[in-house]
Amino acid sequence: MRAGCATASACRMMRPVLEWLHDLPIFFGALFVCAVFVVPTLVGSYLLQPYVARLFRGERDGNMVLGSLLNAFALYFGVLLALLSIAVFENHNKADDAVVREAAALIKLYRDLHGYPEEDRTQFAKVLDSYVDEVIGPGWTYQGRGQANPREIDILTDFHRQIGAYNPTGPGESIRYAETLRALDGFVEARRLRISAGDSAIPRIMWVIVLVGAFMNVLVIWMFDLKPLSHAVIGGTISLFIGLVIYMIAVLDAPFKGSNGIRPNALVEIHSQTGMHR
């Protein structure tokens, strides 16, 4: 689940920044995040590194000892980033699958209505049509925030009311009606999974550990007794890669947010696949 902000003011300050970052094209978003990591590393390589390196200057085989420390730290930090990358990738795939499952459930529900009388079928299809339009329109903004669209809830409530008021007149219609209710239950469950997928995120404590780990990685590099240019090249390269990985994790961690998020393509195709009127 998404971890809450420490304060309401912190939430208000972070939300515009995160939304702005997600709305950037991938190239510029990655460039911005990498710059946040690389620029301080390069500046620190010339301004802070000489003071940090003094702590170990004169030690016997200091660089060798620090190399062992860096290898151990890089191993654990790399494993952490790898696990986070796998986790957000799986969550992203589950979110995409949730949209497809809801679309499939809607198509099944719509096709189950074909055996109903013309007047009832037309009325039911009209409600489902308005639901799809609402989801792929204003509702997708709510989806990006991991919230349920109140208008969608009203439409589904109306659909439940109309289905509940329908009275089958024979054994055949009773069986068809029971199938429709099962399809409706499957659709509601698929919708719940889709909305829930928009609210899943890496806990805030893990982001803190990642950022602290990235800083410690650069700090260990600064401890080596090397020329400033060597520190700038080594530290800048590692910071660039860390920035790229963190940007990837951040984007995949919010699967529906921004211009790079999951789009409701599977739901948009419902109109053409079912012949629903617009």
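Residues numbered from 1 in each chain as written. Predicted model: local features only at pLDDT ≥ 70, side-chain atom pairs only at ≥ 80, totals over all residues. Heavy atoms only, no water.

1. Looking at the overall build of the protein chain
Working step 1: Broken down by element type, the protein chain carries 12 helices and 0 strands.
Working step 2: Listing the helices and strands of the protein chain from first to last along the sequence gives α-α-α-α-α-α-α-α-α-α-α-α.
Working step 3: Relative to its 278 residues, the protein chain shows a buried fraction of 41%.
Working step 4: Residue pairs in contact within the protein chain that sit at least 24 positions apart in sequence constitute 83% of those at least 6 positions apart.
Working step 5: Of the accessible surface of the protein chain, which amounts to about 15,400 Å², a share of 66% is contributed by carbon and sulfur atoms. (Helix = DSSP H or I, 4+ residues; strand = E, 2+ residues; numbered from the N terminus. Buried < 20%, exposed > 50% of the residue type's maximum accessible area, 1.4 Å probe, protein only. Contact = heavy atoms within 4.5 Å. Areas by Shrake-Rupley, 256 points an atom, 1.4 Å probe, with all protein chains shown as cover.)

2. Regarding the confidence of the model for the protein chain
Working step 1: Mean pLDDT over the protein chain: 82, with 88% of residues reaching 70 or higher.
Working step 2: Within the protein chain, the lowest mean pLDDT, 54, falls on helix H1 (residues 8-23), and the highest, 90, falls on helix H7 (residues 150-165).
Working step 3: Low pLDDT (under 50) marks residues 1-17, which in the prediction has 12 contacts with non-local residues, meaning those over four places away or in another chain. (pLDDT = per-residue confidence, 0-100.)

3. Quick word on the packing of helix H9 (residues 204-222) against helix H10 (residues 228-253)
Working step 1: Relative to each other, H9 and H10 sit at 170°, their axes nearing to 10 Å. The orientation of H9 relative to H10 falls into the category roughly antiparallel. Contacts between H9 and H10 involve Trp-207, Val-210, Leu-211, Ala-214, Asn-217, Val-218, Ile-221 and Trp-222 from the first element and His-231, Ile-234, Gly-235, Ile-238, Ser-239, Ile-242, Ile-246, Ile-249, Ala-250 and Asp-253 from the second. (Axes fitted to C-alpha atoms, helices over the stretch in contact; angles between N-to-C directions. Parallel < 35°, antiparallel > 145°, perpendicular 65-115°, else oblique.)

4. Things to note about the nonpolar core
Working step 1: Counting residues in each nonpolar core, the largest one holds 34 residues, and the members touching the most others are Leu-106, Tyr-131, Phe-159, Phe-187 and Leu-267.
Working step 2: Within the residue set of this core, elements represented by two or more residues are helix H4 (62-112), helix H5 (118-136), H7, helix H8 (171-197) and helix H11 (265-268).
Working step 3: Sort the elements by how many residues they give to this core and H4 lands first, with 8 residues.
Working step 4: Not counting chain neighbours up to four residues away, the residues in contact with Leu-106 comprise Leu-128, Tyr-131, Val-132, Phe-187, Leu-267 and Ile-270.
Working step 5: Formed by 20 residues, the second largest nonpolar core is a distinct cluster that contains Phe-37, Ile-242, Val-251 and Leu-252. (Core = buried A, V, L, I, M, F, W, Y, C linked by side-chain atoms within 4.5 Å.)

5. Considerations on the pattern of salt bridges
Working step 1: Enumeration over the complete set of coordinates arrives at 8 salt bridges.
Working step 2: Residue Arg-191 is joined to Glu-152 by a salt bridge in which the shortest nitrogen-to-oxygen separation is 3.2 Å. Residue Arg-191 is found in helix H8, and its partner Glu-152 is found in helix H7; the two are separated by 39 residues along the sequence.
Working step 3: A salt bridge links Arg-194 to Glu-152, with the shortest nitrogen-to-oxygen separation between them at 3.7 Å. Here Glu-152 lies in helix H7 and Arg-194 lies in helix H8, a separation of 42 residues in the sequence. An identical accessibility class is assigned to Arg-194 and Glu-152; each is buried. (Salt bridge = Lys/Arg side-chain N within 4 Å of Asp/Glu carboxyl O.)

6. Re the packing of aromatic side chains
Working step 1: Tallying each qualifying case throughout the model produces 9 aromatic pairs.
Working step 2: The interplanar angle of 10° and the centroid separation of 5.9 Å between the aromatic rings of Phe-73 and Phe-77 together place this pair among those described as stacked. With a gap of 4 residues between them, Phe-73 and Phe-77 both fall in helix H4, about one helical turn apart.
Working step 3: Summarising the aromatic geometry, the rings of Trp-140 and Phe-256 are spaced 5.5 Å apart at their centres and angled 80° between planes, so their arrangement reads as edge-to-face. You can see Trp-140 sitting in helix H6 (residues 139-144) and its partner Phe-256 sitting in the loop between H10 and H11, a full 116 residues away along the chain. (Phe/Tyr/Trp six-rings, centres within 6.5 Å; stacked < 30°, edge-to-face > 60°.)

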